[in-house]
Amino acid sequence: MILVLLGPPGVGKGTQASRISLHYEIPSISTGAMFRDAIARGTEFGRRIQRYRIDKGEFVPDEVVIDAVRERIHEPDCVKGFLMDGFPRTIPQAETFHRLLAEEKLRLNAVINFSAPIDDIVTRFSGRRVCPVDGSTYHITHQPPLQPGLCDVCGAQLEQRPDDDPVVVKRRLEVYTEKTAPLVEYYQTSGLLRTVDASREPETVFGQVVALLEGWQWHI
Ligand code: AMP
């Protein structure tokens, strides 16, 4: 199964990606997490990514993102499928992704579009916390860790992402509207897109996702 999760930043894609990944036993590939990890580890790739100012909400160029995705989906854990969280984010990325899959005789099975009112999204950003070690995400009220401020998985001190700063959030939402929102229509035309109401509790949203995938007419 190959899935793409679509939706504005802060809508809860990451949380749903982890649940879908566990439930269907496919890896969740987040290009944003890949970039943050490379920057944190100070690799050569990370230093290159840093130049594109993702901390200010700017996009990494399409060709750089595509190269990273091409390499990642060739890893052995992807043989049974995978889900993409935060990719594709532009029409050219979607077109290249389609070609990349076709070269491997693979096809995208479904695109899940997470939608929520803008006020909900802004609230989610302000309460979001991430683990700098394993990337797990929390929300101080909607999805708090067992011990305040500490990761449930590894116990590390949780942090706020630099790009969750309100000024950067505004920029990220602008960039989403300009570059990513057109993908909704793009995938609607191909008949692959289904929209879920992401304003509900994570458990309810996940229920919608599973119901949708179970009822899907698969064209594998
Ligand atoms: P995310 O964790 O998905 O919110 O991504 C964090 C940041 O990484 C984004 O705001 C972008 O700056 C960058 N990024 C992640 N994925 C992509 C992508 N597919 N194309 C361009 N930039 C990306």
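Here, every reference points to the structure presented above.
Structure report, in brief. The structure displayed is predicted, hence computed values, not measured ones.

Right, let's talk about the pattern of salt bridges for a bit. In the structure shown here, the tally under the stated rule is 13 salt bridges. Residue D55 pairs with R53 through a salt bridge whose shortest N-O separation is 2.8 Å. Here D55 falls in the partly exposed class, since its relative accessible area comes to 27%. Using a relative accessible area of 38% as the deciding quantity, one classes R53 as partly exposed. In this structure, D77 engages R72 in a salt bridge whose closest nitrogen and oxygen atoms are separated by 2.8 Å. According to the relative accessible area criterion, D77 is partly exposed, its value standing at 39%. The network of salt bridges with common partners includes R128, R161, D163, D164 and R172.

Between helix α1 (residues 13-24) and helix α9 (residues 202-214), the least distance of the axes is 10 Å, while the angle of their chain directions is 50°. When the axes of α1 and α9 are compared, the pair comes out oblique. Here α1 runs over α9; the crossing is right-handed. The segment α1 lies against α9, with T15, Q16, R19, I20, H23 and Y24 engaging P202, E203, V205, F206, V209, V210, L213 and E214. The class makeup of the residues in the contact of α1 with α9 is eight nonpolar, three polar and three charged.

In the neighbourhood of the ligand, 16 residues make up the surrounding shell, with T31, R36, E58, R89 and Q93 lying closest. At a separation of 3.0 Å, an oxygen atom of the ligand approaches a polar side-chain atom of R89. Protein chains bury 96% of the 480 Å² of accessible surface belonging to the ligand in isolation. Residue contributions to the shell around the ligand peak at four residues, all from helix α2 (residues 31-41). Classifying every residue of the shell around the ligand gives six nonpolar, four polar and six charged.

Strand pairing in a sheet relies on backbone hydrogen bonds, with the paired strands running either antiparallel or parallel. Strands sit in the order β2-β3-β1-β4-β7 across an open sheet of five strands; the sheet is parallel. Either end of the sheet is taken by a strand with one partner, and the two such strands are β2 (28-30) and β7 (193-197). The mean angle between the axes of side-by-side strands here comes to 25°, regardless of whether they run parallel or antiparallel. Where strand β4 (residues 110-115) meets β7, five bridges bridge the pair, whose relative direction is parallel. Among the inter-strand pairings, F114 is bridged to a residue of β7, identified as V196.

Inspection of the secondary structure assignment puts V60 in the loop between α3 (44-50) and α4 (62-73). The exposure class of V60 is buried, given its relative accessible area of 7%. Along the backbone, V60 and P117 are 57 residues apart, and their C-alpha atoms lie at a distance of 26 Å. Sequence-distant contacts of V60, that is, excluding residues within four places in its chain, are made with F35, I49, Y52, I54 and V65.

A few words now on the environment of R72. As for its placement among the helices and strands, R72 is situated in helix α4. Owing to a relative accessible area of 16%, R72 belongs among the buried residues under this scheme. Discounting residues that sit within four places of it in the chain, R72 has contacts with P27, I29, M34, D77 and C78.

What counts, and where the lines are drawn
- Residues numbered from 1 in each chain as written.
- Predicted model: local features only at pLDDT ≥ 70, side-chain atom pairs only at ≥ 80, totals over all residues.
- Heavy atoms only, no water.
- Salt bridge = Lys/Arg side-chain N within 4 Å of Asp/Glu carboxyl O.
- Buried < 20%, exposed > 50% of the residue type's maximum accessible area, 1.4 Å probe, protein only.
- Axes fitted to C-alpha atoms, helices over the stretch in contact; angles between N-to-C directions.
- Helix = DSSP H or I, 4+ residues; strand = E, 2+ residues; numbered from the N terminus.
- Parallel < 35°, antiparallel > 145°, perpendicular 65-115°, else oblique.
- Left-handed = near helix turned anticlockwise from the far one by under 90°.
- Contact = heavy atoms within 4.5 Å.
- Nonpolar A, V, L, I, M, F, W, Y, C, P; charged D, E, K, R; others polar.
- Near = heavy atom within 4 Å.
- Polar contact = N/O pair within 3.5 Å; in protein donor to acceptor, adjacent residues only side chain to side chain.
- Areas by Shrake-Rupley, 256 points an atom, 1.4 Å probe, with all protein chains shown as cover.
- Pairing = 2+ DSSP bridges.

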